[in-house]
Structure formats: C-alpha cells, structure tokens
Amino acid sequence: MRGVSVDRAPVAVVIVTWNPGKLLGDSLASLRGLVRPPAETVVVDNASHDGTPDRVRREFPEVALIDNAENLGFCAANNQGIRSTTSPFVLVLNPDTRLAPEFLERLLPAFDDPGVGIAAGKLLRFDGKTLDSAGQRLGRSRRPRDRGYGEPDRGQYDRDEEVFGACGAAALYRRAMLESIADPGPDYFDEAFFAYNEDLDLAWRARRRGWRAVYRHAAIGYHQRGAVQPGGIARRAALMAMPPRLRFHVVKNRWLTLIRNETVAGLLAHLPFILARDAVTLAVLALTSPGVLARLWRERAVFRRARELRRLDAARPGHHVPRGGP
C-alpha cells in the first residue's frame, strides 16, 4: 500500500538472466513474499529473446533492470549487477530459484561472526523433498560437490556448520569480502570464466584470504536444477550433454581455478585424483570434441593470466593463508 514503510533487509539481490521464461517471474515473486524483502533487486539480462526485459519492466517495476545488448556471460553480468548496488550483503540468485519467506531472516545472522564472508542455505528441488545443495565442499579431484545433491531430504543436513562455499544458485556474500578479493574493475567474479565453476573459484579465493563459509539449514530455497541440466542429466554425463562451446568453458574454468588457488600441499595430496579426472576428460574430448582441445590451446593466454592473478592475490595488503588447508 502507498505510504506504508517496508522493513527491508540490508541485501542486494542480483539475478542474471538469459531466456529464463516464466521461472524468473516466480523467483521475483518469491522475493516479494520474503518477511523482509531485499533493499535492492537487480536483474541483469544478457540479451534474452523471450521478452524478459519487457516483462520485468511491466510486472516488477520495483526491480532495477540492466538490459545488455549481448550475452556477456554469467560472471561479467553478475559483476555489473553487484557494482550497481550498495547494500552490505549481496545475494547472487539464479532465475530458477525461489526462496521461502524466512530465507534471509534465517541466513543473515550467520554474518554476526565477522569472519564469515559466505553463507549458504538448504536448497531443495521443486518437489520439496530432494536436496539440491546443502552448501559446497571441495572434492578430492578438486571439483565442487554440492552436499546432498539428489538425495532425499531426511534431515541429514539439519545442522549448522562450516562448508567450503555456497552453490551459485543462491549464495549470500558479505560485500566487504567481495571487495577484499576483487580484481581490478572491480571484478568480483573472474570474467575469464564466462560461466561454470565461478562459485568455487570465488569461495576458494575468499578462503585463501581467511574468510569462512557457513551453512544454515533453516534458510530454505528451491532450485529447479533441471532448468540448467535438462531432463535431470546425471553429472557424469552432463559434460557430454553440453554443446562444445560450453564444454570448453567447463574444462577451461577447472584449470583456471586450480592454477589460481591450489596450494603445493593440496596438489601433492590430491594429485592422483586430479590427474585421473583430467585424463578421462581429455580422452573423452579427444574422441568426441577435438575442437575443444584446439580452442583450449589457442586461448592458452587465459592460463598465463590466472598465474599473474595468483601473484597479485599474494601481494595484496594483509594477504594471509587461513588456518589449515582446503
């Protein structure tokens, strides 16, 4: 109603879209239904051709819209959205994700601990029974693993605890953390990634600077994982289900993440698992997508850039390695 003051959470929500269809409307409607709606909501549209910008303007006038003329990728578009906001916390949200009314109320108290830079809630599939992510851990092969992925929710993750990072479908970040790890721009996500594995890279960079990530089980969201991987594709088959241009980004981003973040101790401890995974990936690409391998070689300058960014990370004022290792 006009003239009624709304108590808003100190959060900026950034949603990157590319032809999301009706899913975006459901996601934005869930933000309206929050106990404390966010102070800022930004949709960054990457040249959708399904009428998304017009629908946002027409149906959600409270939402700020950045209407890109071309698809800049998930990382660059998120950086645009984050730079356009000022709230002390930033929720990166996928358009195929809906939030329960108390999501922010349950998640924000995690930041009462000044060492927490990332918070993750419990994400369920749209059936409300299947887990999608209970925060992320780092696997022995150094790939991100969503805890509970595809499992029935039996309460096995109903405890608050530290995790490695948050699934990018609904990741809440402290702005001070983002600023502390940002590349020149400022770029919070590494734009060389375009898309895929960017949430792992950001979490790993934050951890290397001493920030912690935590999971709060009472903060509930719902993620339609099938909107990203049609038909419930198994993760082992997901790479081959992608077109070659996306396979390129998946493999490239894995190596970029390792080059920028892996420690010598971590590499030595997990080398057999890393090599086994990459050997299989390279063999499959050689048999089915040799053009992807050729492109990785042509664009190898991005790997030199990752090494340079690692050196810049180490030279940041106040840089330190956190206790223990990932």
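Residues numbered from 1 in each chain as written. Predicted model: local features only at pLDDT ≥ 70, side-chain atom pairs only at ≥ 80, totals over all residues. Heavy atoms only, no water.

This part is about unusual backbone geometry. Along the chain, glycine 185 connects to proline 186 via a cis peptide bond; the corresponding omega equals -5°. With respect to the helices and strands, proline 186 occurs in the loop between helix H5 (175–181) and helix H6 (198–208). Phi is positive for asparagine 19, which is not a glycine, with a value near 55°. Counting through the fold element by element, asparagine 19 comes out in the loop between strand E1 (9–17) and helix H1 (23–32). Its identity as a non-glycine residue notwithstanding, asparagine 197 has a phi of 70°, on the positive side. (Helix = DSSP H or I, 4+ residues; strand = E, 2+ residues; numbered from the N terminus.)

Take a positive patch on the surface next. Residues Arg137, Arg140, Arg145 and Arg277 make up a contiguous surface patch of positive charge. Along the chain, arginine 137 turns up in strand E8 (residues 136–138). (Patch = residues over 30% accessible without salt bridge, like charges linked within 9 Å, V, L, I, M, F, W, Y side chains within 5 Å. Areas by Shrake-Rupley, 256 points an atom, 1.4 Å probe, with all protein chains shown as cover. Salt bridge = Lys/Arg side-chain N within 4 Å of Asp/Glu carboxyl O. Lys, Arg positive; Asp, Glu negative; His and termini not counted. Charge placed at Lys NZ, Arg CZ, Asp CG, Glu CD.)

In contact at an axis separation of 5 Å, helix H9 (residues 264–288) and helix H10 (residues 290–298) are set at 115° when each is read in the N-to-C sense. With respect to H10, the element H9 is oriented roughly perpendicular. In this structure, H9 contributes Leu282, Leu285, Ala286 and Thr288 to the contact, and H10 contributes Pro290, Val292 and Leu293. For the contact of H9 with H10, the residue count by class is six nonpolar, one polar and no charged. (Axes fitted to C-alpha atoms, helices over the stretch in contact; angles between N-to-C directions. Parallel < 35°, antiparallel > 145°, perpendicular 65-115°, else oblique. Contact = heavy atoms within 4.5 Å. Nonpolar A, V, L, I, M, F, W, Y, C, P; charged D, E, K, R; others polar.)

Moving on to a nonpolar patch on the surface. Together, Leu267, Leu271 and Leu275 make up an exposed nonpolar region whose accessible area comes to about 240 Å². Following the sequence through the fold, leucine 267 ends up in helix H9.

To continue, consider H1. Three- or four-residue spacings in an α-helix give side chains the same orientation, since the helix completes a turn every 3.6 residues. Here H1 has its buried residues at Leu23, Leu24, Ser27, Leu28, Ser30 and Leu31. The arc enclosing the buried residues of H1, seen along the axis, measures out at 150°, which places them on a common side. Buried residues along H1 sit in contact with E1, strand E2 (38–46), helix H2 (52–59), strand E4 (89–93) and strand E5 (97–99). (Buried < 20%, exposed > 50% of the residue type's maximum accessible area, 1.4 Å probe, protein only. Arc of directions from axis to C-beta.)

Applying the stated criterion across every chain yields a total of five aromatic pairs. Judged by centre distance (6.0 Å) and plane angle (55°), the ring pair of tryptophan 255 and phenylalanine 303 falls under tilted. Here the residue tryptophan 255 occupies a position in helix H8 (residues 244–261), and phenylalanine 303 occupies one in helix H11 (residues 301–315), the gap between them amounting to 48 residues. In textbook terms, an aromatic cluster arises when at least three aromatic residues are bridged by ring pairs, as seen for Phe74, Tyr173 and Phe189. The ring of phenylalanine 126 has arginine 98 lying over it, and the distance from NZ or CZ to the ring centre is 4.2 Å. Note that arginine 147 overlies the ring of tyrosine 215, its terminal NZ or CZ placed 5.0 Å from the centroid. (Phe/Tyr/Trp six-rings, centres within 6.5 Å; stacked < 30°, edge-to-face > 60°. Lys NZ or Arg CZ within 6 Å of the ring centre and 35° of its normal.)

Moving on, we come to the environment of leucine 131. Looking at where leucine 131 falls in the secondary structure, it is placed in strand E7 (residues 131–133). Of the residues examined, leucine 131 reaches a relative accessible area of 0% and is grouped as buried. Filtering out sequence-adjacent residues up to four positions away, leucine 131 remains in contact with Lys122, Leu123, Leu124, Arg125, Gly148, Tyr149, Gly150, Glu151, Pro152, Asp153, Gln156 and Tyr157.

With that settled, the discussion passes to the pairing of E1. When you tally the buried positions in E1, you get eight out of nine residues, the bulk of the element. Here E1 pairs with E2 via seven bridges, running parallel. Paired with alanine 9 across the bridge in E2 is proline 38. Once you follow E1 into H1 and on to E2, the crossover reads as right-handed. When E1 meets E4, the two strands line up parallel, connected through five bridges. The partner of valine 11 across the bridge, within E4, is phenylalanine 89. (Pairing = 2+ DSSP bridges. Right-handed = clockwise from strand over helix to strand, strands pointing away.)

These results come straight from atomic positions and should not be treated as a statement about function.
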